[in-house]
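Here is how the chains run, residue by residue.
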Amino acid sequence: QVQLVESGGGLVQAGGSLRLSCAASGRTFSSMGWFRQAPGKEREFVAALTWSGRATYSTNSFKGRFTISGDNAKNTVYLQMNSLKPEDTAVYYCAADFKHGATPPTSVDQYDYWGQGTQVTVSS
């Protein structure tokens, strides 16, 4: 059974850091990524990587604060989040794709599997 399990969320003070983990099982994937969703907002792309070329991608709004990395042997990806802000508060979801490989996809509908999400709350 394909399963993605996120962990590492929690409550952190503004300016602090968290590292999220996503452990995948059941199969290997072409790409894995992180999205987040705050109440009343659409699910937002954060970062992604492709296992084949170990390429990573993130939008400018997250570069310098959030970094994605992976351990292919463990089929696990991480999201290191630094300099956290209250507006980073959201449920963070791990996603996995097996149809794309050259470039990490950035759209929700491009991913095949999703984790249950982990809550990140940044206090003021």
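Residues numbered from 1 in each chain as written. Predicted model: local features only at pLDDT ≥ 70, side-chain atom pairs only at ≥ 80, totals over all residues. Heavy atoms only, no water.

Here we come to the state of the cysteines. Enumeration over the complete set of coordinates arrives at 1 disulfide. In this model, C22 is linked to C94 through a disulfide, with the two sulfur atoms separated by 2.0 Å. When the S-S torsion is -80°, as for the bridge of C22 with C94, the disulfide is left-handed. Of this pair, C22 sits in strand β3 (residues 18-25) while C94 sits in strand β9 (residues 90-97); the two residues are 72 residues apart in sequence, bridging distant segments of the chain. Since its relative accessible area comes to 0%, C22 is described here as buried. (Disulfide = S-S within 2.5 Å. Helix = DSSP H or I, 4+ residues; strand = E, 2+ residues; numbered from the N terminus. Buried < 20%, exposed > 50% of the residue type's maximum accessible area, 1.4 Å probe, protein only.)

All right, on to the packing of aromatic side chains then. One pass over the structure, following the stated rule, counts 8 aromatic pairs. Relative to Y113, the ring of F29 lies with its centre 5.7 Å away and its plane at 65°, an arrangement referred to as edge-to-face. Remark: Y113 occurs in strand β10 (residues 113-114) and F29 occurs in the loop between β3 and β4 (31-37); sequence separation between them is 84 residues. Given a relative accessible area of 28%, Y113 falls into the partly exposed group. Taken together, a centroid distance of 5.4 Å and an interplanar angle of 85° make the contact between F35 and Y111 edge-to-face. Here F35 is found in strand β4, whereas its partner Y111 is found in the loop between β9 and β10, with 76 residues between them in sequence. A relative accessible area of 1% places F35 in the buried class. Take Y111: its relative accessible area is 6%, and that puts it in the buried class. We note R43 situated over the ring of Y93; from NZ or CZ to the ring centre the distance is 3.7 Å. A cation over an aromatic ring shows up here: R43 above the ring of W114, its NZ or CZ 4.9 Å from the ring centre. (Phe/Tyr/Trp six-rings, centres within 6.5 Å; stacked < 30°, edge-to-face > 60°. Lys NZ or Arg CZ within 6 Å of the ring centre and 35° of its normal.)

For T50, the location among the structural elements is in strand β5 (residues 44-50). A polar side-chain atom of T50 sits 3.2 Å from the main-chain carbonyl oxygen of S30. (Polar contact = N/O pair within 3.5 Å; in protein donor to acceptor, adjacent residues only side chain to side chain.)

Look at N75: it is not a glycine, yet its phi comes out positive at around 55°. Locating N75 in the fold gives a position in the loop between β7 (66-71) and β8 (76-81). By relative accessible area, N75 is classed as buried at 9%. Positive phi is not limited to glycine here, since S83 has a value of about 50°. Note on placement: S83 falls in the loop between β8 and β9.

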